[in-house]
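Descriptive structure summary
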Amino acid sequence: MLTLTENAGTVVKTLADRTVVSLGENPGSSEAGLRISSAATDDTFDVAVAPRPEPTDQIVESAGARVYLEESVAPVLDDTVLDAQVDDAGSVHFSLARV
């Protein structure tokens, strides 16, 4: 199963909460999380904040952060760690590493 570093958990939760607030909703009652799905090219993924999981998504929760994995992506990311970095300009960069 995908695991999150502490930093990734913080970034995912912050992104989800900011998105919920921008929509005028309460972050505490939201299901918002980061959704990882397959992309058009091999070896890449689409990553976006989602208001809730799709019915077939695998849900990974860590310290209040939620990551939704598209059904076809979940086995590919098994035994993988998601990390996140925020650069000086405030851009978020996600990386994946095998355990």
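Throughout what follows, the structure given in this document is the object of discussion.

Rules used throughout
Residues numbered from 1 in each chain as written. Predicted model: local features only at pLDDT ≥ 70, side-chain atom pairs only at ≥ 80, totals over all residues. Heavy atoms only, no water. Helix = DSSP H or I, 4+ residues; strand = E, 2+ residues; numbered from the N terminus. Rg over C-alpha atoms; globule rule 2.2 N^0.38 Å. Contact = heavy atoms within 4.5 Å. Areas by Shrake-Rupley, 256 points an atom, 1.4 Å probe, with all protein chains shown as cover. Lys, Arg positive; Asp, Glu negative; His and termini not counted. Charge placed at Lys NZ, Arg CZ, Asp CG, Glu CD. Buried < 20%, exposed > 50% of the residue type's maximum accessible area, 1.4 Å probe, protein only. Polar contact = N/O pair within 3.5 Å; in protein donor to acceptor, adjacent residues only side chain to side chain.

What about the overall build of the chain?
- Looking only at helices and strands, the chain features one helix and seven strands.
- On C-alpha atoms alone, the chain measures out to a radius of gyration of 13 Å, which is about the 13 Å that the 2.2 N^0.38 rule sets for 99 residues.
- Over its C-alpha atoms, taken along the principal directions, the chain stretches across nearly 35 × 35 × 25 Å.
- Taking the intrachain contacts of the chain between residues at least 6 apart in sequence as the baseline, contacts between residues at least 24 apart amount to 48%.
- For the chain, the accessible surface area stands at approximately 6,000 Å², while carbon and sulfur atoms represent 49% of it.
- The averaged location of the 17 negative side-chain charges in the chain is 7 Å from the averaged location of its 6 positive side-chain charges.

Focus on the side chain of Thr80
- Looking at the secondary structure, you find Thr80 in strand β6 (residues 80-86).
- Judged by its relative accessible area of 3%, Thr80 falls in the buried class.
- Separated by 3.3 Å, the side chain of Thr80 and the backbone oxygen of Asp78 make a polar contact.
- Only 3.0 Å separates the side chain of Thr80 from the side chain of Arg98, close enough to count as a polar contact.
- Residues in contact with Thr80, not counting those within four places in the same chain, are Met1, Leu2, Thr3, Leu96, Ala97, Arg98 and Val99.

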